[in-house]
There are 2 protein chains.
Amino acid sequence: MIVEKLAIVGTGLIGGSFSLALKQAGAVREVLGVGRNPASLDAALERGLIDRAADWAQAGQADCILLALPVGETAAVLKNLAPHLKAGAIVTDAGSTKVNVVVAARAALGARMADFVPGHPIAGSEQSGPGAARADLYQGRKVVLTPQADTRADAIATVTALWQAAGAQVETLDAALHDRVFAAVSHLPHLAAFALVDELAQRADGDTFFRFAASGFRDFTRIASSSPEMWRDIALANREAVLAELDAYVAALHALRSAVSAEDAEAVLAIFSRAREARNHWIHKKT
Amino acid sequence: MIVEKLAIVGTGLIGGSFSLALKQAGAVREVLGVGRNPASLDAALERGLIDRAADWAQAGQADCILLALPVGETAAVLKNLAPHLKAGAIVTDAGSTKVNVVVAARAALGARMADFVPGHPIAGSEQSGPGAARADLYQGRKVVLTPQADTRADAIATVTALWQAAGAQVETLDAALHDRVFAAVSHLPHLAAFALVDELAQRADGDTFFRFAASGFRDFTRIASSSPEMWRDIALANREAVLAELDAYVAALHALRSAVSAEDAEAVLAIFSRAREARNHWIHKKT
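Residues numbered from 1 in each chain as written. Chains lettered and ligands numbered in written order. Predicted model: local features only at pLDDT ≥ 70, side-chain atom pairs only at ≥ 80, totals over all residues.

(A) How the structure looks around the relation of the copies chain B and chain A. For the match of chain B to chain A, the screw axis carries a shift of 0.0 Å, the RMSD comes to 0.1 Å, and the turn is 180°. This pairing of chains is accounted for by a two-fold axis. Taking C-alpha positions as reference, the residue of chain B nearest the rotation axis is B:Phe220, located at 2.0 Å. Of all interface residues in chain B, 100% are interface residues in chain A too; the two copies therefore contact each other through one and the same surface. (Least-squares fit on C-alpha atoms with pLDDT ≥ 70 in both. Contact = placed C-beta atoms within 7 Å.)

Below you can see the structure in the form of structure tokens.
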């Protein structure tokens, strides 16, 4: 048992899977669910993701409260929760961006900011909602925590222990570095895939193009089937880092364009070869 | 039996799989293999991809000759083959670009251009060589033929029948349209993936970025593990169409950048939503 009472704000894929994994691991005794959508809470109850629905006052009495919501809702939720937080309660989140979450949390929590452990599980699915939750979602996945200078050490330790009990490997990063890293390896690829598909879709003869698209296109654009709302929120929440990555990417495309345009076979080969080597090295290390 | 004697110039994944599929379908009696690499020819013999190795004079006596080589070698190979082509022999190819192949073929074949059926099977793998060949590679895949005004109708019919026997669906496109379509749905995604990975790999702190890359990155960049030499050749062979696609893509990225920079949530959501809808529509039609 790591905590007696856990509250999940947002009982969808991310929050529901956290709860299932911790219940399976015997790491929590009771899980409360908070959400605006009664159907979603009912589904979470029915699937055993939560033991009962709760309001803000009840959730504030939990030992640990996980926010598993779009990052844009962090400020409003923490404002609702803050007045009810019992002494020693730990709050953590699962948002894809961290600098904006930290800013929102500091504004909403004030003196209780020491109890807030910003987090980001690197796991997900194109599916969402309580029906998609599964106990093994975090198995072998990374969770990045971005604690602040004033975060309580024992709060970090508890949140780390919870994620480890859920099967994840926990790493720590500076919040700004987190946002730059994920702008590059996650947010930019999503934007690049959305932009490419939309550019084709907008063409009058777009159907001819899609008709001959094959498996390379399918995999390259898989992430363009992700939630538009969630990715809009991420792009705007991490705007500066995303813009810097977009600029670096467009500069790289320009350099490649120059090499192709000049028929500089060596320069083109150098770019492609370095890319393949780097990717294969990465894949090899991962597996 | 569609043809008695088939010759394959290049006995790797593409040529070897064509041969295996046709043998399995009983569509050919004998398959000759032509190649510069003795080890590759030996492997092709051992795996039964070909019945015997042949020189240009022997290959020219085949009823149908498939070129399954990098498109940059088309001109040289056809110049070697042309003097030996028996009356009625049909030549076809499997190159990923078509306008440059047609130009090379017309220069090399002269009056025999009527016997040349330009083709492009939309199938492949990150693996290559005779060891990767398999009889079902073309099952359910598209093959695009780009016959010219002077191509013999019965040559088109024979090549169509062969690909159908190999399990493929055959479609016909104008060569220039083919090159534009594949520049958009295949060549551009490859260049975009190579450029993104190389840009990250070139950073002094690139390792930190790769360390947190996950499944979205893995799929988006899968095609950056493709053969650098093959894709260099394709980018240069289809240079004009590829440059036009790169320009359209960079323009789309600029438009998205503007929307993010201006915090225009509606414009960002519109791009992402259209992209997801178009991709899901495409995936739904394909499956």
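Past the structure itself, the notes keep going.
(B) Region of the structure containing the interface of chain B and chain A. Each partner contributes residues to the interface: chain B has 69 residues there, and chain A has 69 residues. Elements that contribute at least two residues to the side of chain B that touches chain A include exactly β8 (142-145), α7 (175-201), α8 (206-211), α9 (215-220), α10 (228-237), α11 (239-261) and α12 (265-286) of chain B. At 18 residues, α7(B) tops the list of elements feeding residues into the side of chain B that touches chain A. The class makeup of the residues in the side of chain B that touches chain A is 47 nonpolar, 9 polar and 13 charged. (Helix = DSSP H or I, 4+ residues; strand = E, 2+ residues; numbered from the N terminus. Nonpolar A, V, L, I, M, F, W, Y, C, P; charged D, E, K, R; others polar.)

(C) Quick look at the environment of B:Arg279. Within the element layout of this structure, B:Arg279 appears in helix α12. Along the chain, B:Arg279 and B:Gly60 lie 219 residues apart, while their C-alpha atoms are 45 Å from each other. Those residues in contact with B:Arg279, other than ones at most four positions away along the chain, are A:Val197, A:Thr221, A:Ala224 and A:Ser225.

(D) Structural context of the nonpolar core. In this structure, A:Val9 and B:Val9 are the most contacted members of the largest nonpolar core, which totals 212 residues. Contacts of A:Val9, omitting those with residues within four sequence positions, involve A:Val34, A:Ala59, A:Ile65, A:Leu66, A:Leu67, A:Ala68, A:Leu69 and A:Val77. (Core = buried A, V, L, I, M, F, W, Y, C linked by C-beta atoms within 7 Å. Buried ≥ 20, exposed ≤ 12 C-beta atoms within 10 Å, placed from the backbone.)

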